[in-house]
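An overview of the molecular structure
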Amino acid sequence: MTHLDIRRPDTDHRRDRAAWREPFIGSLAAAAAATALVLGGIGAAPAGAAPAFDQADPSTWPNVSVLDPSMSTDAINTTLAAASGETEFSMGRHAVFFKPGTYGSDAGQADPSTATGIVNGTVGFYETVAGLGPSPDGVHINGALHVEPYQAPGTQNPWENQSPGSLDTFWRSLSNVQINPIQQPTAAQNAQNVFTYGQADAHQLRWAVSQAAPLRRVDIQSNPAGGTTPAANLTLFGQYGEQASGGFMSDSAVSGTVVSGSQQQFYTQDSQIGAWQGGVWNMVFSGTQGAPAQSFPDGRAAVGAQPTTTLPTTPTTRDAPFLTLGADGAYSVFVPAARTNASGVQWTATSAGAGTALPLSRFFVAQPSDSIQTVNAALAAGKDLILTPGVYQYGDAIRVTRPDTVVLGLGMAAITPTNGTAALTVGDVSGVQLSGFTVDAGATTSDVLLQVGPTGATSGSATDPTTLTDVFVRVGGPHAGSAGTGIEVNSPNTVLDDIWVWRADHGSGVGWTANTGVNGLVVNGDDVTADGLAVEHWQQNQVVWNGDGGTTIFYQSEIPYDVPSQAAWMDGTENGYASYKVADDVASHHAYGLGVYSNFDNPGIVEENAIDTPRNANVRFTDAMTRFLAQNGGISHIIDGEGLSADTTGGDPTSTAYLSSFPGLDTTAPTLTVTPSTTQPNAAGWYRAVTLTPTASDDFTPAATVEVQVDGGAWTPLTGAFTVPDGQHTVAFRATDAADNVSAVQTWSGRVDSSAPVVQAAVRDQGTPSVSVTLAATDAGSGVAGIEYTFGDPTTAGTTWTAYGSAVTPPSGSRTVSFRATDVAGNVSAVGSIAVSDGAVVPVADPSTPAAAGTVAVRTGSGGNGGSALAFTGSEAALPLGIGSALLAAGLLLMVLRRRRARR
């Protein structure tokens, strides 16, 4: 992440970083050496040997400092200075805790330049600072815990120091403290910069950060005992206007004004502020009392506009677990309860709010020297887990298998898989809390770095959701690493709260073929919520959302800088991969306040759509924007072909594009076509068979519903094709979409006869060779068009069929007659045959049993002049019982008459 807006067009900001980093590292190293004695928790311990590790006493944990109100301000500031001395990709980690009480003097609050005895420290890389009270008001600090920009060397004007400014101020946090802001520059801060910082304004605290630097449960106010003391303010950018990009504040209170200045985007959640001033591209608020009114443009924003997305509540949220110290001297971890439709802070002056306090005895407190087998055995035995500050390199994943397990990292503890496994996996359970750690990809590619629930997971609770808070995943940066997916969420109802998933654009092991990574976040579970989501620089879609019912509030994404060519970055036939992709079969999703940015190193690279989504009234995007930052190429559209471009053809402010709502209202009816299987009837106007296939298309999903109506009857839902029944019919079709828009009705009319005729044959033996065969056919549909017959085997090649007119006599020696009938529609019956063999006995069928299609025969004599035989045959269907009985009676009558005639 590097957002540069105020700089020369030919500036390579990543190369600028290299220029300032070395002198900066050198100055930090000197400062760290001067204060090394306060590291490792000795801020709370006397000089001499460090106390032995005690699972119940955080002051004995490695790289943890626990401060006490009885300590001198100088000792506190020395501890803070030492903990803040890490560089951007160092391996050091530090956590600083304040026991409940008051720290520092408020005597200089009206004029920071004259203040003495204040707590004053910057919060550096891989440093977390937190109070140990039940609420922020348990720890009152007169002074400042602040974050300042880093200036680039060699410039003549402080306003030119934009690289990196605060664009790389990552991996730190401040939480659970109340601050009466009295801010002065620190010695280390001035040593690292070309231009020194003056005192901050009275009652103002500076927190100039980008990603992975949350403010949680912070109360920024003037001395509560000060009576008429002016309200305290919070500023989110540097003193000289240096830019910042992507901060996060939750469950916090600011009595005065939050001044965002050059902060390019920021998310404020479940907080209370006096006022908000400023905004560049994408300021998002949910559940924040005092937030500015909703104001988001379409197209191009006017100069000076402050695009703002404001939701009155946060639909689903859950704050991070945190360490507390009780009045009895015992430590515990407080796990806040989930909130729905939240607004404002959940704590009071003396209460942590709704939740559960877990004693430290419930936890296994891990150190980097503990093996993965030891850690997983503790989890399997029912322990929760605290990761003390450090880097945990493991050949297997940390495996969470028990519901409601808490995994709490301190000091941005890092987990690195070394064998291509995940860093951490969660089983098919609910209520798990993961918080406060980073994950680094290892040199052996991991398919997934952090997996929440196995594939197909079903366990999830809306009231006790599995939650990831302040979890940061990266590929490359401190060292080479690769992964397929950063975070995969399979468990339903999971909450992601302040997440940054970063494929590094600078640091070690960085390059298109070096730190490879496909997708940053893949969501397969239903009803997953992301509050404060940043995913950047992955090589295909940054986010793939496959589950239904998802919600995202605030999304920040830079697509990859280092794409080598357009041909290497194609999603099928579309230029580039959308940053945020919702799968085509997703039925419901809503995202608010999205920003996608381009900054391609190479020319000729274009992303067609920043967001790819089905067009569905229940899949909605509110307030999305794109921005061309610098260098080459750009983004053609915001969402699925809609929204203006943000690319090199623009310039400022036209290189930013806004879209306040997608999709718009569905006012367009579906289109409907009906394709018949046969397009023309025969010459007589009949169809032998017709299948009608309706095809509906609509600009929205889900697909339109198709209905069919036959001969003016009721409309009936139809799936697939419709087969027209026999007879004269008119068939109508219509399609209706989810918005009740109805297509034009499509009709088809015609006569259908799909049934073949039935043929019957009668044979009379009048003495060899006087045998006659009589044929008759019936058809209930279009009617019989004709009957044909042939002698002998009808399957013989070259068989000639003759139109039947009257009874026929088979020639001697070939006593088989085959026959068939054709109806007017062109249906042809199956071929029927009857055979007469001189002197043969013709089998007799039971006249009470319907015969199968083919032959029905009744023996009435033995053939020759002295006997008679009558046989019946039908093709296509059995001879009806009534007809068979009648013919049998006629045959018997003839036999009687012949015998009487013979007696005479």
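Residues numbered from 1 in each chain as written. Predicted model: local features only at pLDDT ≥ 70, side-chain atom pairs only at ≥ 80, totals over all residues. Heavy atoms only, no water.

Let's talk about the pattern of salt bridges
The cut-off we apply is this: We define a salt bridge as a side-chain nitrogen of Lys or Arg found within 4 Å of a carboxyl oxygen belonging to Asp or Glu. A run of H or I in DSSP becomes a helix once it reaches four residues, and a run of E becomes a strand once it reaches two; helices and strands are each numbered from the N terminus. Partly exposed residues are those whose accessible area sits between 20% and 50% of the maximum for their type, while under 20% is buried and over 50% is exposed, using a 1.4 Å probe and protein chains only.
Under the criterion given, the structure shown has 17 salt bridges. Measuring nitrogen to oxygen at the nearest pair gives 2.6 Å for the salt bridge that ties Asp497 to Arg216. Of the two residues, Asp497 sits in strand E32 (residues 495-503) while Arg216 sits in strand E9 (residues 215-220), which places them 281 residues apart along the sequence. Its relative accessible area of 0% is what places Asp497 among the buried residues. We classify Arg216 as buried; its relative accessible area is 4%.

Comments concerning unusual backbone geometry
Most peptide bonds take the trans form, and the phi angle of most residues other than glycine is negative. Each neighbour pair has its own omega, and for Phe662 with Pro663 the value is -10°, a cis peptide bond. Here Pro663 lies in the loop between strand E45 (656-662) and strand E46 (671-676). Here Thr701 and Pro702 are connected by a cis peptide whose omega angle stands at 0°. Mapped onto the secondary structure, Pro702 falls in the loop between strand E48 (691-697) and strand E49 (705-710).

Some points on the sheet that holds strand E51 (residues 722-723)
Spelled out, the test is: Strand pairing is assigned whenever DSSP identifies at least 2 bridges connecting the two strands.
Taken in spatial order, the 3 strands make up an open sheet running E46-E48-E51, and their pairing is antiparallel. The open sheet is flanked by E46 and E51, the only strands paired with a single partner.

Describing the pairing of strand E52 (residues 727-736)
Of the strand pairs in this sheet, E49 and E52 are connected by 6 bridges, and their pairing is antiparallel. Across the sheet, residue Glu707 finds its bridge partner in E52, namely Arg734. The pairing of E52 with strand E53 (residues 746-752) spans 7 bridges and is classified as antiparallel. Counted as the bridge partner of Phe733 is Gln746 from E53.

Topic: the packing of aromatic side chains
The criterion, for reference: Aromatic rings from Phe, Tyr and Trp, taking only the six-membered ring of Trp, are treated as a pair when their centres fall within 6.5 Å; an angle between ring planes under 30 degrees marks them as stacked, one over 60 as edge-to-face, and anything in between as tilted.
The tally for this structure, following the rule as stated, stands at 29 aromatic pairs. Between Phe170 and Trp502 the ring centres are 6.0 Å apart and the planes differ by 55°, which places this aromatic pair in the tilted class. Residue Phe170 is found in the loop between strand E6 (139-146) and strand E7 (172-181), and its partner Trp502 is found in strand E32; the two are separated by 332 residues along the sequence. Each member of the pair, Phe170 as well as Trp502, is classed as buried. With a centroid separation of 5.6 Å and an interplanar angle of 45°, the aromatic rings of Phe322 and Phe334 are classed as tilted. Taken as a pair, Phe322 in strand E18 (residues 322-325) and Phe334 in strand E19 (residues 331-336) lie far apart in primary sequence, 12 residues in all. For the pair shown, Phe322 and Phe334 are each scored as buried. Clustering of aromatic rings is evident, with ring pairs tying together Phe89, Phe125, Tyr126, Tyr150, Phe170, Trp171, Trp500 and Trp502.

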